[in-house]
Number of protein chains: 4
Amino acid sequence: MSTDTPAPVKRRTSIGGRRNPQSATAILDAAADILAESGLAGFSIEAVARRAGAGKPTVYRWWPTRTALLIEVYARQKETVLQVDTASLEGDLLAVMRRLFAFWRDTPAGPAFRSIIAEAQSDPQSLALLTTFLAERKQHVHALITRGIARGELPSQADCATVVELIFGFCWMRLLTGQIDRDADLPALVHHVLYGAGHSEGSEQKDGATALAAAPSRSA
Amino acid sequence: MSTDTPAPVKRRTSIGGRRNPQSATAILDAAADILAESGLAGFSIEAVARRAGAGKPTVYRWWPTRTALLIEVYARQKETVLQVDTASLEGDLLAVMRRLFAFWRDTPAGPAFRSIIAEAQSDPQSLALLTTFLAERKQHVHALITRGIARGELPSQADCATVVELIFGFCWMRLLTGQIDRDADLPALVHHVLYGAGHSEGSEQKDGATALAAAPSRSA
Amino acid sequence: MSTDTPAPVKRRTSIGGRRNPQSATAILDAAADILAESGLAGFSIEAVARRAGAGKPTVYRWWPTRTALLIEVYARQKETVLQVDTASLEGDLLAVMRRLFAFWRDTPAGPAFRSIIAEAQSDPQSLALLTTFLAERKQHVHALITRGIARGELPSQADCATVVELIFGFCWMRLLTGQIDRDADLPALVHHVLYGAGHSEGSEQKDGATALAAAPSRSA
Amino acid sequence: MSTDTPAPVKRRTSIGGRRNPQSATAILDAAADILAESGLAGFSIEAVARRAGAGKPTVYRWWPTRTALLIEVYARQKETVLQVDTASLEGDLLAVMRRLFAFWRDTPAGPAFRSIIAEAQSDPQSLALLTTFLAERKQHVHALITRGIARGELPSQADCATVVELIFGFCWMRLLTGQIDRDADLPALVHHVLYGAGHSEGSEQKDGATALAAAPSRSA
DNA sequence: GCGTAAACGAGACGGTACGTCGCGTCTTAGG
DNA sequence: CCTAAGACGCGACGTACCGTCTCGTTTACGC
C-alpha cells in the first residue's frame with residue numbers, strides 16, 4: 001500500500017549553494033513513479049519527498065506548488081518533438097494524434113496531464129500555466145494545417161483555429177474520460193474534422209454531391 | 001476567511017426514520033453557494049456541513065463522496081430540459097450549445113461540472129459516475145442529429161457519434177480552460193463540425209466544388 | 001470485531017403502556033455480554049441497543065445513563081447474598097472475600113463493577129450511586145465483625161470501620177489493577193488486617209511478646 | 001461552555017527536528033487546567049490541543065493516548081519527592097499519607113490520578129502503565145517499612161508487601177470515593193495497619209496482653 | 001584558505017479536513 | 001403509550017498532508 005521505497009542508502013547532501021541535480025532527478029523520478037502507480041490521489045508533496053528520500057523543503061524550494069511539479073514531470077517526458085511530415089495534412093494530423101495518444105498511454109505523461117488539468121480547475125495560477133502551455137501546442141498543430149492549405153488540401157479561407165480546437169477538444173475528452181486506448185477511429189475523426197460529417201471516407205468521390213447537398217451555406 | 005453563515009437559528013431535527021428534505025435542501029444550497037464563492041478549493045464536506053448547519057455524518061449519510069454531492073448540485077440546476085426545435089439541425093445544435101454555455105456561465109453548474117471532471121481524474125468511481133452521466137447527455141444530442149438526417153440535412157451514413165464527440169469535446173475544452181464566455185464563434189463551429197473546414201458559411205453555395213475538391217476520399 | 005448478534009428474528013413490540021420485560025431482559029443480557037466480551041471500551045448505549053435488537057430510546061427510557069445500566073447489570077448478578085457463618089471472624093471474612101473475588105472473576109459483575117467505579121470518577125451522580133451501594137455492602141461486613149467482637153475474637157474497642165475500610169480498599173485495589181486471580185494470600189491478608197503486621201500466622205504463639213514489643217502504643 | 005483560552009498571540013513553531021519544550025509545557029499546562037476545571041469529562045485531546053494553541057498531531061506525537069498525557073500531568077506535579085524521616089515507622093507512614101492526601105487535594109494530581117485509574121479500567125495498555133507506575137511507588141513505601149524493621153519497630157518476618165497493599169488500597173478507596181478531605185483518622189489507620197485491629201492506640205501499654213489474646217496464631 | 005552562504009536530510013510545528021463513531025433527542029409507523 | 005427503527009445536530013476520535021520553521025551538516029564560492 002505504501003508508495004515508499006526504502007530509499008537509496010546513499011544519502012545525498014548539499015553540493016554547495018546551488019540546486020543538487022541528483023535531488024531534482026530523484027524527486028522527479030519519485031513523482032513520476034507515484035503518478036504512474038497511484039495516480040493523482042496518492043500524489044502529495046509529502047509522498048514524493050518521502051519516496052525521493054528528500055526533505056520537504058527541498059521539494060518546495062524548487063517546485064512551489066504541486067502543479068509546478070506535475071508540469072515538470074510532464075515536460076520531462078516530451079523531448080520527443082512532435083515533428084511529422086507525411087506529405088498530407090490528413091496524414092500529419094493523424095500521426096500527431098497517434099503519437100499523442102501513445103505518449104499519454106505509455107508514459108507517466110498521461111496521468112500527469114490529467115492531473116494538471118484537474119488542478120487547473122481549482123487553481124487559477126495552474127490554469128494560467130496550462131493555458132500558456134496549450135497555446136504553444138496549438139501553435140504547432142496550426143502550422144501543420146497552414147502547410148496543408150499551402151499544399152491546397154484545404155481552401156485558403158479554412159478556419160485553422162477551429163480545426164485545432166476541435167482536435168484538442170477531442171483528445172482531451174478522450175484523455176479525461178479514460179479512453180486513450182480507443183484509437184481505431186482516429187482516421188475517421190481526422191477526416192471528419194477536415195471535411196465534415198457527411199463526407200464518407202470510402203471510395204465515394206461521387207458522393208461529393210451528397211456532401212454538397214448536405215452542406216448548405218448557412219445563409220441558405 | 002470562513003465561509004460560514006451563522007446558521008439559521010431554527011434547528012432542524014429528525015423527522016423520523018427517513019431523510020429530512022429540509023436538511024437535504026440546506027446542504028445542497030450550502031454546497032452550491034460555497035462552490036460559487038470559493039470554487040472547488042474551498043469545497044470540503046466539512047465546510048458544507050458547517051455552512052448548512054448540519055452534522056458531517058448527515059452529509060455522509062446521503063452523499064458518500066464529494067463527487068456525489070457535486071453531481072447532485074449540478075443535476076439540481078438542470079431542470080431546464082434542453083428541448084429545442086429550430087427546424088434545422090444546425091440551429092438545433094447551436095441552440096443547445098448556447099444554452100449549455102449560458103447554463104455553465106450563469107449558474108453554479110459551471111464550477112460544479114468543472115469540479116466533477118477534476119475529481120474524476122483521481123477517483124475512478126467518480127469517473128464512472130461522470131461517464132454514465134455523459135452517455136445520457138450524448139444520447140440527447142445524438143437524437144437531434146438523427147432527426148437532422150431524417151430531414152435530409154446530413155447524408156444517412158453520417159457519423160453521428162463523431163459529431164457528438166466533437167461537440168462535447170469542444171464544449172469541455174472551453175469550460176475547462178475558462179472560456180465559456182466566448183460564444184460568438186459558436187455558429188461557425190457548428191457549421192464546421194457538420195460540413196468540414198473548407199466549407200465557408202457565407203453565401204458560397206457555388207463553392208461546393210471547392211469543398212469537394214478539398215475533401216478527397218481517403219482512399220484517393 | 002463486531003459485538004453484534006444478528007438479533008433474534010422475532011421482533012418484540014409494545015405490550016401496551018408499560019415496560020416490556022422481554023425488552024428489559026434482552027437489553028440487560030446484551031449489556032452483560034458486551035461487558036464480558038469487550039469490557040467497558042465496547043460498552044456503549046448504541047452497541048447495547050444494537051445487540052439487544054432494541055431501539056435506543058427504549059434503552060434511554062429505562063436507564064437514563066450508562067452507569068444506571070451498569071449498576072443494574074451488576075445488581076442482577078448478586079442475588080447470591082453474602083451470607084456466611086464459619087463460627088470465626090477470620091473465617092467469615094475470608095469466606096466473604098473469596099466469594100467476592102469469585103463473583104468478580106466468574107460473572108460479568110467484575111467488569112461491570114470496574115466500569116461503575118471508573119464512571120464514578122467523572123460523573124458525580126454515578127459517584128453518589130456508588131457511595132450508597134458501598135455503604136450498604138460495608139454494613140454487611142461490619143455486622144460480621146461486630147459478631148466477632150461479641151465472640152471475643154477482637155477486643156471491644158476494636159475499630160470496626162477501619163477494618164471494613166481496609167478490606168474494601170484491598171479488594172478494590174486488586175480488582176482495579178486486574179489482580180482478582182490472586183487469592184492465595186487472602187488468609188494472610190485477613191489475619192494481618194485483624195492482628196497487625198508483626199503477628200505471624202504460623203506456629204508462633206510464643207511470639208506474642210514480639211508482636212507486643214513491635215506494637216508500642218502510640219503514646220509511648 | 002468552551003474551555004478555550006484565546007491562546008497566546010505568540011505562535012510557537014518548530015525548533016528543528018526535536019520536541020519543542022514550549023509546546024510540551026503549554027500542552028501539559030492546558031491539560032492540567034482542563035482537568036482541574038472540567039474533570040475527566042471535559043478532558044479530550046481536542047480540547048487540550050485547542051486550549052494549548054497546539055495542533056492535534058503535536059499532542060499525539062508525544063502522548064499517544066489520553067492516559068499517557070494524564071500520567072505525565074500527574075508525574076509533573078510530584079517533584080515533591082516523598083522523602084520523609086521522622087525516626088519512626090509509624091511517623092513515616094503517616095507523613096507519607098498526609099503528603100499524598102494533600103497532594104491529591106491541592107493540585108491537579110487528584111483528578112488526574114482518578115482519571116488514570118478510570119482509564120485503566122477500559123484500556124489494558126493504560127492499566128499496564130498504571131501498574132508500572134504503582135510498582136515504583138510501592139517500592140518507595142516498602143523501603144520505609146524495611147527501615148522500620150531494621151530499627152526493630154516490626155518483627156523481621158513482617159509482611160511488608162501486605163502493609164503496602166493495605167495502605168495503597170486504603171488511599172485509593174478514599175480518593176476514588178471522593179474522601180480525600182478525611183484525614184483526621186489517618187494516625188489510627190496507620191497504627192491499625194501495623195499492629196492490628198485490637199491494639200488500641202491510646203496509653204494502653206498494658207493492653208499488650210489483650211492484643212496478644214486477640215491475635216491467636218492461625219494455627220491455634 | 002577560510003569564512004560565509006546556500007542547499008541538503010530530517011522532522012517538529014500549528015493547522016485543516018478527512019471519514020467514523022457514539023452521544024442524546026426527535027419523529028415516525030405500528031401494535 | 002410503548003416498541004423498533006433510524007435520522008438529526010453535535011463533537012471527539014486518530015490520521016494524512018499542508019506549508020513553514022529550525023536544526024546540524026555538507027559543500028562551493030568569494031573575500
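How each quantity is defined
- Residues numbered from 1 in each chain as written.
- Chains lettered and ligands numbered in written order.
- Predicted model: local features only at pLDDT ≥ 70, side-chain atom pairs only at ≥ 80, totals over all residues.
- Heavy atoms only, no water.
- Helix = DSSP H or I, 4+ residues; strand = E, 2+ residues; numbered from the N terminus.
- Areas by Shrake-Rupley, 256 points an atom, 1.4 Å probe, with all protein chains shown as cover.
- Near = heavy atom within 4 Å.
- Polar contact = N/O pair within 3.5 Å; in protein donor to acceptor, adjacent residues only side chain to side chain.
- Nonpolar A, V, L, I, M, F, W, Y, C, P; charged D, E, K, R; others polar.
- Salt bridge = Lys/Arg side-chain N within 4 Å of Asp/Glu carboxyl O.
- Buried < 20%, exposed > 50% of the residue type's maximum accessible area, 1.4 Å probe, protein only.
- Expected span 1.5 Å × (residues − 1).
- Contact = heavy atoms within 4.5 Å.
- Domains from an automatic or database assignment.
- Buried area = accessible area lost by both parts, 1.4 Å probe.
- Axes fitted to C-alpha atoms, helices over the stretch in contact; angles between N-to-C directions.
- Parallel < 35°, antiparallel > 145°, perpendicular 65-115°, else oblique.
- Left-handed = near helix turned anticlockwise from the far one by under 90°.
- Phe/Tyr/Trp six-rings, centres within 6.5 Å; stacked < 30°, edge-to-face > 60°.
- pLDDT = per-residue confidence, 0-100.
- Disulfide = S-S within 2.5 Å.

Quick word on the overall build of chain A
Then, in step 1: Scanning chain A from N- to C-terminus turns up ten helices and zero strands.
Then, in step 2: Going residue by residue from the N terminus, the α and β elements of chain A occur as α-α-α-α-α-α-α-α-α-α.
Then, in step 3: Summed over its atoms, the accessible surface of chain A is roughly 10,000 Å², and 55% of this surface lies on carbon and sulfur atoms.

Some words on the protein's contact with DNA strand E
Then, in step 1: Lining the immediate environment of DNA strand E, one finds 55 residues, of which Arg61 of chain A, Glu46, Lys56 and Tyr60 of chain B together with Tyr60 of chain C sit closest.
Then, in step 2: Protein-adjacent atoms of DNA strand E, using a 4 Å cutoff, are sugar or phosphate at a proportion of 69%.
Then, in step 3: Between DNA strand E and the protein, one listed contact pairs a base nitrogen with a side-chain N or O atom of Ser14 of chain A at 3.2 Å.
Then, in step 4: Within the backbone of Glu46 of chain B, one N or O atom sits 2.6 Å away from a phosphate oxygen of DNA strand E.
Then, in step 5: For the surface near DNA strand E, the secondary-structure elements that each account for two or more residues are helix H3 (56-62) of chain A, helix H2 (45-52) and helix H3 (56-62) of chain B, helix H2 (45-52) and helix H3 (56-62) of chain C together with helix H3 (56-62) of chain D.
Then, in step 6: Of the residues assigned to the surface near DNA strand E, the class counts are 13 nonpolar, 25 polar and 17 charged.

Digging into the pattern of salt bridges
Then, in step 1: Overall, the coordinates contain 65 salt bridges over all chains when judged by the stated rule.
Then, in step 2: In this structure, Arg182 of chain B engages Glu165 of chain A in a salt bridge whose closest nitrogen and oxygen atoms are separated by 4.0 Å. Taken together, the positions of Arg182 of chain B in the loop between helix H8 (160-176) and helix H9 (186-195) and Glu165 of chain A in helix H8 (residues 160-176) put the pair across two chains.
Then, in step 3: Judged by relative accessible area, which is 6%, Glu165 of chain A ranks as buried.
Then, in step 4: The closest approach of N and O atoms between Lys56 of chain C and Glu46 of chain C, which form a salt bridge, is 3.4 Å. Here Lys56 of chain C is found in helix H3, whereas its partner Glu46 of chain C is found in helix H2, with ten residues between them in sequence.
Then, in step 5: Since its relative accessible area comes to 42%, Glu46 of chain C is described here as partly exposed.
Then, in step 6: Linked through salt bridges whose partners overlap, the residues forming this network are Asp85, Asp92, Arg147, Arg151 and Glu153 of chain A.

A short note on helix H4 (residues 66-77) of chain A
Residues spaced three or four apart along an α-helix point in a common direction, a consequence of the helix completing one turn every 3.6 residues.
Residues and elements named next belong to chain A.
Then, in step 1: Between the first and last C-alpha of H4 there are 17 Å, a value that for twelve residues agrees with the 16 Å anticipated at 1.5 Å per step.
Then, in step 2: Turning to H4, its buried residues number three or more, namely Thr67, Ala68, Leu69, Leu70, Val73, Tyr74 and Gln77.
Then, in step 3: Contacts from the buried residues of H4 go to helix H1 (21-38), helix H2 (45-52), H3, helix H5 (89-106), helix H6 (109-120) and helix H7 (124-150).

Description of H5 of chain A
Residues and elements named next belong to chain A.
Then, in step 1: Here H5 is 18 residues long and its end C-alpha atoms lie 25 Å apart, about the 26 Å a rise of 1.5 Å per residue gives.
Then, in step 2: Buried within H5 are the following residues: Leu89, Glu90, Asp92, Leu93, Leu94, Ala95, Val96, Met97, Leu100, Phe101, Phe103 and Trp104.
Then, in step 3: Looking at the buried positions of H5, the neighbouring elements they touch are H4, H6, H7, H8 and helix H9 (186-195).

Some remarks on the domain arrangement of chain A
Residue and element names in this part refer to chain A.
Then, in step 1: Partitioning chain A into domains gives domain 1 (21-63) and domain 2 (76-204).
Then, in step 2: Its C-alpha centre places domain 1 at a distance of 29 Å from the equivalent point of domain 2.
Then, in step 3: Listed by partner, the interface residues are six residues for domain 1 and seven residues for domain 2.
Then, in step 4: Both sides together, the interface formed by domain 1 and domain 2 hides about 530 Å², and carbon and sulfur atoms give 68% of it.
Then, in step 5: Along the contact surface separating domain 1 from domain 2 lie one salt bridge.
Then, in step 6: Note that Arg76 is salt-bridged to Asp29, the shortest N-O span being 2.8 Å.
Then, in step 7: At the surface where domain 1 touches domain 2, the tally comes to one residue pair in polar contact (both at pLDDT 80 or more).
Then, in step 8: Here the residues of the side of domain 1 that touches domain 2 sort into four nonpolar, one polar and one charged.

Considerations on the packing of helix H5 (residues 89-106) of chain B against helix H7 (residues 124-150) of chain B
All names here are of chain B.
Then, in step 1: With their axes 9 Å apart at the nearest point, H5 and H7 run at an angle of 165 degrees to one another. As the angle between them shows, H5 and H7 are arranged roughly antiparallel. Our pair here, H5 against H7, has a crossing hand that is right-handed. On the side of H5, the interface is formed by Leu89, Asp92, Leu93 and Val96, while H7 contributes Val141, Leu144, Ile145, Arg147 and Gly148.

Quick notes on the packing of H8 of chain A against H9 of chain A
All names here are of chain A.
Then, in step 1: Close contact between H8 and H9 brings their axes to 10 Å; oriented N to C, the two are set at 150 degrees. It follows from the interaxial angle that H8 and H9 lie roughly antiparallel. The two elements H8 and H9 meet at a crossing, and its hand is right-handed. Each of Val163, Leu166, Ile167 and Phe170 in H8 lies in contact with H9, whose residues at this interface are Leu186, Leu189, Val193 and Leu194.

Points about the side chain of His191 of chain C
Then, in step 1: Locating His191 of chain C in the fold gives a position in helix H9 (residues 186-195).
Then, in step 2: Polar contacts involving the side chain of His191 of chain C include one to the side chain of Glu90 of chain C, which spans 2.8 Å.

Overview of the environment of Ile180 of chain D
Residues and elements named next belong to chain D.
Then, in step 1: Along the polypeptide, Ile180 turns up in the loop between helix H8 (160-176) and helix H9 (186-195).
Then, in step 2: Distance in space between the C-alpha atoms of Ile180 and Val141 is 19 Å, their sequence separation being 39 residues.
Then, in step 3: Once residues within four sequence positions are removed from consideration, Ile180 is found in contact with Phe101, Trp104, Arg105, Arg174 and Leu175.

Side note on the packing of aromatic side chains
Then, in step 1: If you walk through the whole model with that rule in mind, you get 28 aromatic pairs over all chains.
Then, in step 2: Ring centres 5.5 Å apart and planes at 80 degrees place the aromatic pair Tyr74 of chain C and Phe133 of chain C in the edge-to-face group. Taken together, the residues span a long stretch of sequence, with Tyr74 of chain C in helix H4 (residues 66-77) and Phe133 of chain C in helix H7 (residues 124-150) at a distance of 59 residues. For the pair Tyr74 of chain C and Phe133 of chain C, one class covers both residues: buried.
Then, in step 3: Between Trp104 of chain D and Phe113 of chain D, the ring centres sit 5.6 Å apart and the planes meet at 20 degrees, which makes this aromatic pair stacked. For the pair Trp104 of chain D and Phe113 of chain D, one class covers both residues: buried.

Comments concerning unusual backbone geometry
It is generally the case that most residues other than glycine have a negative phi and that most peptide bonds are trans.
Then, in step 1: At Ala87 of chain A, a residue that is not glycine, the phi angle is positive and equals roughly 75 degrees.
Then, in step 2: Here Ala87 of chain A lies in the loop between H4 and H5.

Description of the confidence of the model for chain A
Residues and elements named next belong to chain A.
Then, in step 1: Counting all residues, the mean pLDDT for chain A is 85, and 84% of those residues have values of 70 or more.
Then, in step 2: Mean pLDDT across the secondary structure elements of chain A bottoms out at helix H10 (residues 208-214), with 41, and peaks at H8, with 97.
Then, in step 3: A low-confidence stretch, residues 203-220 (pLDDT under 50), is modelled with 33 contacts involving residues beyond four sequence positions or located in other chains.

Looking at the environment of Arg174 of chain B
Then, in step 1: Here Arg174 of chain B is to be found in helix H8.
Then, in step 2: Residues Arg174 of chain B and Phe101 of chain B, 73 residues apart in the sequence, show an inter-C-alpha distance of 9.2 Å.
Then, in step 3: Residues in contact with Arg174 of chain B, not counting those within four places in the same chain, are Glu165 of chain A together with Phe101, Gln179, Ile180, Arg182 and Asp185 of chain B.

Things to note about the state of the cysteines
Residues and elements named next belong to chain B.
Then, in step 1: Counted according to the given criterion, the structure contains zero disulfides over all chains.
Then, in step 2: There is no disulfide at Cys160, and the cysteine sulfur nearest it, in Cys171, is 17 Å away.
Then, in step 3: For Cys160, a relative accessible area of 11% gives the class buried.

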